[in-house]
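This is what each chain is made of:
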Amino acid sequence: MNPITLIIIYFTILMGPAITMSSSNLLLMWVGLEVSLLAIVPLLTNKKTPRSTEAATKYFLTQATASMIMLLAIILNYKQSGMWMFQQQTNSMLLNMTLISLAMKLGLAPFHYWLPEVTQGVPMHIGLILLTWQKIAPLSILYQIYQLLNPTITTILAITSVFIGAWGGLNQTQTRKIMAYSSIAHMGWMVAILPYNPNLTLLNLAIYILLTIPMFISLMTNSATTINSFSLAWNKTPMILTMASIILLSMGGLPPLTGFLPKWAIISELLKNDCSILPTLMAIMALLNLFFYTRLIYSVSLTMFPTNNNSKMTSHHTNLKYNPILPTLTVLSTLTLPLSSQLMT
């Protein structure tokens, strides 16, 4: 693709969520969502393969349907109240329509079916954008209207997402699908705490992005699309595999790593609000997530698969491009738990 075209597309992708986050007008928020949707579709179809075309079609149809539902809710709200913002007296049906449309955009269960398939069908760096940057705009809208949302529906979406994210990733062998189901589970945690303390949703989102970026960089460095191909990289980039293993444990929420902080904070906040069953179920499902992360670590770091290489260690004579951002992100994504008191305030 033409470099100037690529610059324009990436700039538009950056601008979409920025427009949404900086707007208090629902129509402008919707415009921001549409801008980022239309900008990312050319990137999805950049490689002319049937898989990428299928992924782009699924993504576009799902997102366009969600946008249509949200626009309908916005127009009906304007017709009823004459305002471009939801109010306390807004019809609950319109708020529920908006919540469902944003759940579709985020890939929350039971509207999650498109997310693993689309992530699997696109290149790694586009999958990274889908699972991180594209989540910011819908979550920013939920953050602005959280007081008006139905807590029963948000709880159902949250617990379903945590369950699907845990069970769906169990028997996956594709690394991108594992990351997609991990994203569904993390989104479930974010939505679970939204009615009680939306600031924890933002904290969870920031830490989730901080964990996902170095994990994808590790996978992209080794072009590891499957567990098997990732496990063959032990003699080329042993340090990257070590860092990836620690990041995976942090994603599973294992103390004393950074990933434990949002889970600890969310469970504490839910218990303060007299919710005991929800955090118990979520903690049990977090163990399933930790299991398939640990299985990935076992396959990659603790086993030696058959290899065609005569030389056992080739890391000393492979000329891989040094990535200065990976060590920094690894430190941030694993060792910031002592700063929890500062982050919580």
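Since we're looking at a predicted model, the values are computed, not measured.

Peer 1: Tell me about the overall build of the protein, and name the residues and values.
Peer 2: Helices and strands together make up the secondary structure of the protein, namely 16 helices and zero strands. Taken over C-alpha atoms, the radius of gyration comes to 21 Å for the protein, in line with the 20 Å a tight globule of 345 residues would show. Principal axes of the C-alpha set define a box for the protein whose edges measure 75 × 50 × 35 Å. Residue pairs in contact within the protein that sit at least 24 positions apart in sequence constitute 77% of those at least 6 positions apart. Looking at the protein as shown, the accessible area adds up to about 15500 Å², and 68% of this sits on carbon and sulfur atoms. Each charge class in the protein can be summarised by its mean position, and for the 15 positive and 5 negative side chains these summaries are 14 Å apart.

Peer 1: Quick rundown of the pattern of salt bridges? Include the residues and the values.
Peer 2: Enumeration according to the criterion identifies four salt bridges in this entry. The network of salt bridges with shared partners includes Arg51, Glu54, Lys58, Glu117 and Lys177.

Peer 1: Account for the UniProt feature "domain: NADH:quinone oxidoreductase/Mrp antiporter transmembrane" (unreviewed entry) in the protein, naming residues and giving values.
Peer 2: Those places that UniProt annotates as "domain: NADH:quinone oxidoreductase/Mrp antiporter transmembrane" (unreviewed entry) correspond, in this numbering, to residues 23–282. Annotated as 74% helix and 0% strand, the span residues 23–282 places its first and last C-alpha atoms 33 Å apart.

Peer 1: Quick rundown of unusual backbone geometry? Include the residues and the values.
Peer 2: A cis amide bond, omega 5°, links Ala109 with the succeeding residue Pro110. Here Pro110 is to be found in the loop between α4 (92–106) and α5 (114–121). Residue Pro255 is joined to Pro256 through a cis peptide bond whose omega torsion reads 10°. Here Pro256 lies in the loop between α12 (238–251) and α13 (260–272).

Peer 1: Before we move on, could you go through the packing of helix α6 (residues 124–131) against helix α7 (residues 133–144) and cite the residues and values that matter?
Peer 2: The geometry of α6 relative to α7 is characterised by a closest axis approach of 3 Å and an angle of 15° between their N-to-C directions. Taken together, the axes of α6 and α7 are roughly parallel relative to one another. On α7, the residues touching Leu128, Ile129, Leu130 and Leu131 of α6 are Trp133, Gln134 and Lys135. A class-by-class count of the residues in the contact of α6 with α7 yields five nonpolar, one polar and one charged.

Peer 1: Please set out the UniProt feature "transmembrane region" (unreviewed entry) in the protein residue by residue, giving values where relevant.
Peer 2: Taking the UniProt record as the reference, the feature "transmembrane region" (unreviewed entry) is found at residues 28–45, 57–78, 93–114, 152–171, 178–196, 202–219, 239–257 and 277–298. The span residues 28–45 is 94% helix and 0% strand, and its two end C-alpha atoms sit 27 Å from each other.

Peer 1: Explain helix α8 (residues 151–168) residue by residue, including any values.
Peer 2: Counted at 1.5 Å a residue, the expected span for α8 with its 18 residues is 26 Å, and the 25 Å between its end C-alpha atoms agrees. Taken residue by residue, α8 has Thr154, Leu157, Ala158, Ile159, Ser161, Val162, Gly165, Ala166 and Gly168 as its buried positions. Of the residues flanking the start of α8, the one acting as N-cap is Asn150, its side-chain oxygen 2.9 Å from the backbone nitrogen of Thr152.

Peer 1: Report on the nonpolar core, specifying residues and quantitative values.
Peer 2: Counting 95 residues, the largest nonpolar core has Met215, Phe230 and Met282 as the members making the most contacts within it. The dominant element in this core, judged by the number of residues it contributes, is helix α9 (residues 175–193), at eleven residues. Residues Ile217, Ile240, Met243 and Leu329 belong to the second largest nonpolar core, which totals five residues.

Peer 1: So what's going on with the side chain of His112? Which residues, and what values?
Peer 2: Following the sequence through the fold, His112 ends up in the loop between α4 and α5. Classification of His112 by relative accessible area gives buried; the value is 5%. Excluding its chain neighbours within four sequence positions, the residues that come into contact with His112 are Gly107, Ile164 and Ile184.

Peer 1: Outline helix α3 (residues 50–81), listing residues and values.
Peer 2: Over its 32 residues, α3 extends 46 Å from the first C-alpha to the last, a length consistent with the 46 Å expected when each residue adds 1.5 Å. By the burial criterion, the buried members of α3 are Ser52, Ala55, Ala56, Tyr59, Thr62, Gln63, Ala66, Ser67, Met70, Ala73, Ile74 and Asn77. Tucked into the core, α3 has its buried residues touching α2 (26–44), α4, α5, α6 and α7. Remark: Gly82 follows α3 within two positions and exhibits a positive phi of approximately 75°.

Peer 1: Explain the side chain of Thr62 residue by residue, including any values.
Peer 2: Structurally, Thr62 is set in helix α3. Under the relative-accessibility criterion, Thr62 is labelled buried at 16%. Beyond its immediate stretch of four places on either side in the chain, Thr62 contacts Met104 and Trp114.

So, how was this worked out
- Residues numbered from 1 in each chain as written.
- Predicted model: local features only at pLDDT ≥ 70, side-chain atom pairs only at ≥ 80, totals over all residues.
- Heavy atoms only, no water.
- Helix = DSSP H or I, 4+ residues; strand = E, 2+ residues; numbered from the N terminus.
- Rg over C-alpha atoms; globule rule 2.2 N^0.38 Å.
- Contact = heavy atoms within 4.5 Å.
- Areas by Shrake-Rupley, 256 points an atom, 1.4 Å probe, with all protein chains shown as cover.
- Lys, Arg positive; Asp, Glu negative; His and termini not counted.
- Charge placed at Lys NZ, Arg CZ, Asp CG, Glu CD.
- Salt bridge = Lys/Arg side-chain N within 4 Å of Asp/Glu carboxyl O.
- UniProt positions renumbered as here; feature names shortened; annotations may be inferred.
- Axes fitted to C-alpha atoms, helices over the stretch in contact; angles between N-to-C directions.
- Parallel < 35°, antiparallel > 145°, perpendicular 65-115°, else oblique.
- Nonpolar A, V, L, I, M, F, W, Y, C, P; charged D, E, K, R; others polar.
- Expected span 1.5 Å × (residues − 1).
- Buried < 20%, exposed > 50% of the residue type's maximum accessible area, 1.4 Å probe, protein only.
- Polar contact = N/O pair within 3.5 Å; in protein donor to acceptor, adjacent residues only side chain to side chain.
- Core = buried A, V, L, I, M, F, W, Y, C linked by side-chain atoms within 4.5 Å.

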